[in-house]
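Listed here are the chains, written in short residue letters.
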Amino acid sequence: MADKGKAAECKAKGNAAFQAKDYAEAAKHFTEAISHDPTDHVFFSNRSACYASLGRYDEALADGMECVRLKPDWPKGYTRKGLA
């Protein structure tokens, strides 16, 4: 069962790390957020951005694809795929 509260805490930490350009740390937080709620497309989108910023394009693409699978009507997911 999803723990949206814990997921939101992890997302906030990931956002802060991303803003600080600590992409590896941000990816860890988004990964933890996904472990608490694997149905939230935004977590995959955010982690995809981290991976792309780290040059880890295969992982960025995989997360972009999962984002689109979870929320096919959200255009930003397709942007993540394209940037990977």
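Residues numbered from 1 in each chain as written. Predicted model: local features only at pLDDT ≥ 70, side-chain atom pairs only at ≥ 80, totals over all residues. Heavy atoms only, no water.

1. Focus on the side chain of Asp-37
Then, number 1: Relative to the helices and strands, Asp-37 resides in the loop between helix 2 (23-36) and helix 3 (41-53).
Then, number 2: You can call Asp-37 buried: its relative accessible area is 2%.
Then, number 3: At 2.9 Å, the side chain of Asp-37 forms a polar contact with the side chain of Lys-4.
Then, number 4: Setting aside residues no more than four positions away along its own chain, Asp-37 makes contact with Ala-2, Lys-4, Ala-7 and Phe-43. (Helix = DSSP H or I, 4+ residues; strand = E, 2+ residues; numbered from the N terminus. Buried < 20%, exposed > 50% of the residue type's maximum accessible area, 1.4 Å probe, protein only. Polar contact = N/O pair within 3.5 Å; in protein donor to acceptor, adjacent residues only side chain to side chain. Contact = heavy atoms within 4.5 Å.)

2. What to know about helix 1 (residues 4-19)
Then, number 1: A rise of 1.5 Å per residue sets the reference length of helix 1, with its 16 residues, at 22 Å; its end C-alpha atoms lie 22 Å apart and thus fit the reference within 8%.
Then, number 2: Next to the buried residues of helix 1 lie helix 2 and helix 3.
Then, number 3: Taken from the residues just after helix 1, Lys-21 is the one with a positive phi, measuring 65°. (Expected span 1.5 Å × (residues − 1).)

3. Side note on the packing of helix 1 against helix 3
Then, number 1: Relative orientation of the contacting elements helix 1 and helix 3 amounts to 25°, with a least axis distance of 11 Å. When the interaxial angle is binned, helix 1 and helix 3 end up roughly parallel. Read as a crossing pair, helix 1 and helix 3 show a hand that is left-handed. Contacts between helix 1 and helix 3 involve Ala-7, Lys-11, Asn-15 and Phe-18 from the former and Val-42, Phe-43, Asn-46, Ala-49, Cys-50 and Ser-53 from the latter.
Then, number 2: Looking at the contact of helix 1 with helix 3 residue by residue, the classes come out as 6 nonpolar, 3 polar and 1 charged. (Axes fitted to C-alpha atoms, helices over the stretch in contact; angles between N-to-C directions. Parallel < 35°, antiparallel > 145°, perpendicular 65-115°, else oblique. Left-handed = near helix turned anticlockwise from the far one by under 90°. Nonpolar A, V, L, I, M, F, W, Y, C, P; charged D, E, K, R; others polar.)

4. So, the pattern of salt bridges
Then, number 1: Here the structure, examined in full by the defined rule, presents 5 salt bridges.
Then, number 2: Notably, a salt bridge pairs Glu-59 with Arg-56, separated by 2.7 Å at the nearest N-O pair.
Then, number 3: Residue classification places Glu-59 among the partly exposed residues on the basis of a relative accessible area of 33%.
Then, number 4: When its relative accessible area of 35% is taken as the criterion, Arg-56 is described as partly exposed. (Salt bridge = Lys/Arg side-chain N within 4 Å of Asp/Glu carboxyl O.)

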